[in-house]
Amino acid sequence: MVHPSFTLYGEQLESFKLAGSTSIDSVFTAITEASYRHVDTTTEYGVQEDVGCGINATIQAGVERKDMFVTSKIWWTDLTPDRVRSELNNTLQELQLDYLDLYLGPAGLQNRGDVLEFDMEGVWREMESLFKEKLVRDIGISNYTVKKLNSSSDSLRIMPSICQVEMHPGWRNDKLLQACQQNDIHVMLTRRWDRRKRGTSVILKSTHQNQIKPNIQVFNWEIPQPDFQVLSSISDKKRVLDGEELFVNKTEGPFRIVADLWDHDD
């Protein structure tokens with residue numbers, strides 16, 4: 001379970017879930033004392049109201065809203081066109097904000113007891129409407145595959161600006177990275193192993209306030225080239241978050257194995 005992440009001018013730092021006032025204090029500390037400016041969250045994390053209180057406290061302390069970058073995302077269970085706007089309104093209410101800087105929509109499925117393909121075009125049309133109304137300043141995607149990106153790109157009026165996805169030495173996801181770069185989509189990933197070398201932003205993790213400030217020092221450090229080459233040559237590749245428990249049904253389908261779920265991007 002995860003909770004808000006903080007990023008400095010596009011560099012993302014994500015932490016595991018904290019509760020109540022701890023989340024409020026973490027947001028406040030990250031922004032006011034460590035100079036992070038990007039908060040990444042979603043309703044499903046269960047602490048979004050506390051994140052909102054933390055953001056509001058930083059504004060009261062003198063940090064201007066225009067200097068912060070706030071991201072949230074639609075959860076799997078709400079991936080229907082008729083729920084996009086209501087979910088955003090709920091998010092804005094919890095965060096005590098008038099707009100989001102970035103709103104992300106995950107790909108592929110909705111899970112309401114049955115596993116179903118979802119109406120991505122319809123969901124994206126609603127997200128485009130939110131963008132045009134300036135309720136969100138930008139829209140993006142998460143957990144996409146190359147096939148889904150290629151099949152949907154022709155029908156999109158507004159291309160996603162960000163793709164938030166699993167990517168690390170054990171799962172390089174080279175094909176998706178290349179597809180995103182070809183479509184001018186910036187990639188946000190979960191390990192800082194190749195940020196400068198591959199042109200991505202990074203999600204780091206911390207559970208303690210006393211690690212928030214030290215974590216920002218990582219942006220002045222780079223993996224030595226010999227070590228980077230060793231990490232890049234790991235042969236045993238596997239997703240950490242493969243979706244099997246939620247979406248794979250080995251007897252009835254439609255996704256009988258994990259590879260089906262991810263369009264055999266392996």
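On a predicted model such as this, the values are computed, not experimentally measured, just so you know.

**Brief notes about the overall build of the chain**
Move 1: Scanning the chain for helices and strands turns up 11 helices and 11 strands.
Move 2: Considering the chain as a whole, with its 266 residues, one finds that 54% of them fall into the buried category.
Move 3: In the chain, of all internal contacts separated by at least 6 residues, the share reaching a separation of at least 24 is 67%.
Move 4: Accessible surface computed for the chain: about 12600 Å², of which carbon and sulfur atoms make up 48%.

**Digging into the confidence of the model for the chain**
When pLDDT drops low, the exact placement of atoms in the prediction is not to be read closely.
Move 1: Mean pLDDT over the chain: 78, with 79% of residues reaching 70 or higher.
Move 2: Note on residues 1-19: pLDDT under 50 across the span, and 87 contacts to partners over four residues away in sequence or across chains.

**A short note on the side chain of arginine 65**
Move 1: Note on placement: arginine 65 falls in the loop between α2 (48-60) and β4 (69-73).
Move 2: A distance of 2.9 Å separates a polar atom in the side chain of arginine 65 from a polar atom in the side chain of aspartate 101.
Move 3: Setting aside residues no more than four positions away along its own chain, arginine 65 makes contact with Ile59, Val70, Leu97, Tyr99, Leu100 and Asp101.

**So, the pattern of salt bridges**
Move 1: Using the criterion set out here, one finds eight salt bridges in the structure.
Move 2: Connected via shared salt-bridge partners are Glu121, Arg125, Glu128 and Arg157.

**What to know about unusual backbone geometry**
Move 1: Residue glutamine 96 is not a glycine yet carries a positive backbone phi of 60°.
Move 2: Counting through the fold element by element, glutamine 96 comes out in the loop between α3 (81-95) and β5 (102-106).
Move 3: Within the chain, aspartate 184 stands out as a residue other than glycine whose phi angle is a positive 55°.
Move 4: Within the secondary structure, aspartate 184 sits in the loop between α6 (174-182) and β10 (186-189).
Move 5: Aspartate 184 sits in the exposed class, given a relative accessible area of 69%.

**Considerations on the pairing of β4**
Move 1: Burial within β4 is extensive, with four of its five residues counted as buried.
Move 2: Sheet topology places strand β3 (residues 38-40) next to β4; three bridges connect them, and they run parallel. Each residue of the ladder has a partner; that of histidine 38, found in β4, is phenylalanine 69.
Move 3: Each parallel crossover has a hand, and for β3 linked through α2 to β4 it is right-handed.
Move 4: Summarising the sheet, β4 and β5 pair through three bridges and their orientation is parallel. Paired with threonine 71 across the strands is leucine 102, a residue of β5.
Move 5: Taken together, β4, α3 and β5 constitute a β-α-β crossover, and its handedness is right-handed.

**Thoughts on the UniProt feature "active site" (unreviewed entry) in the chain**
Move 1: Summarizing the sequence annotation, UniProt attributes the feature "active site" (unreviewed entry) to Tyr45 in the numbering used throughout.
Move 2: The topology assignment puts tyrosine 45 in the loop between β3 and α2.

**Section: the packing of aromatic side chains**
When we look at a pair of aromatic rings, we describe it by the centre distance and by the angle of the planes.
Move 1: Tallied over the full model, the rule gives zero aromatic pairs.
Move 2: The residue whose ring lies beneath arginine 65 is tyrosine 99, and the NZ or CZ to ring-centre distance is 4.1 Å.
Move 3: A cation sits over an aromatic face here: arginine 137 above tyrosine 99, 3.8 Å from the ring centre.

**Let's talk about the pairing of strand β8 (residues 139-142)**
Move 1: Residues Ile139 and Ile141 point to one face of β8 and Gly140 and Ser142 to the other, with burial holding for every one of them.
Move 2: Looking at chain direction, β5 and β8 are connected through four bridges and run parallel. By the bridge assignment, tyrosine 103 is partnered in β8 with isoleucine 139.
Move 3: Pairing of β8 with strand β9 (residues 162-164) involves two bridges; the strand directions are parallel. Note that in β9 the partner of isoleucine 141 across the bridge is cysteine 163.
Move 4: Handedness of the β-α-β unit built from β8, helix α5 (residues 146-153) and β9 comes out right-handed.

**Let's talk about helix α4 (residues 120-132)**
Move 1: A rise of 1.5 Å per residue sets the reference length of α4, with its 13 residues, at 18 Å; its end C-alpha atoms lie 18 Å apart and thus fit the reference within 8%.
Move 2: When we look at burial in α4, the residues that qualify are Met120, Gly122, Val123, Trp124, Arg125, Met127, Glu128 and Leu130.
Move 3: Those residues of α4 hidden inside the fold are in contact with α3, β5 and β8.
Move 4: A positive backbone phi angle near 65° is found at lysine 134, which sits one or two residues after α4.

The rules behind these values
Residues numbered from 1 in each chain as written. Predicted model: local features only at pLDDT ≥ 70, side-chain atom pairs only at ≥ 80, totals over all residues. Heavy atoms only, no water. Helix = DSSP H or I, 4+ residues; strand = E, 2+ residues; numbered from the N terminus. Buried < 20%, exposed > 50% of the residue type's maximum accessible area, 1.4 Å probe, protein only. Contact = heavy atoms within 4.5 Å. Areas by Shrake-Rupley, 256 points an atom, 1.4 Å probe, with all protein chains shown as cover. pLDDT = per-residue confidence, 0-100. Polar contact = N/O pair within 3.5 Å; in protein donor to acceptor, adjacent residues only side chain to side chain. Salt bridge = Lys/Arg side-chain N within 4 Å of Asp/Glu carboxyl O. Pairing = 2+ DSSP bridges. Right-handed = clockwise from strand over helix to strand, strands pointing away. UniProt positions renumbered as here; feature names shortened; annotations may be inferred. Phe/Tyr/Trp six-rings, centres within 6.5 Å; stacked < 30°, edge-to-face > 60°. Lys NZ or Arg CZ within 6 Å of the ring centre and 35° of its normal. Expected span 1.5 Å × (residues − 1).

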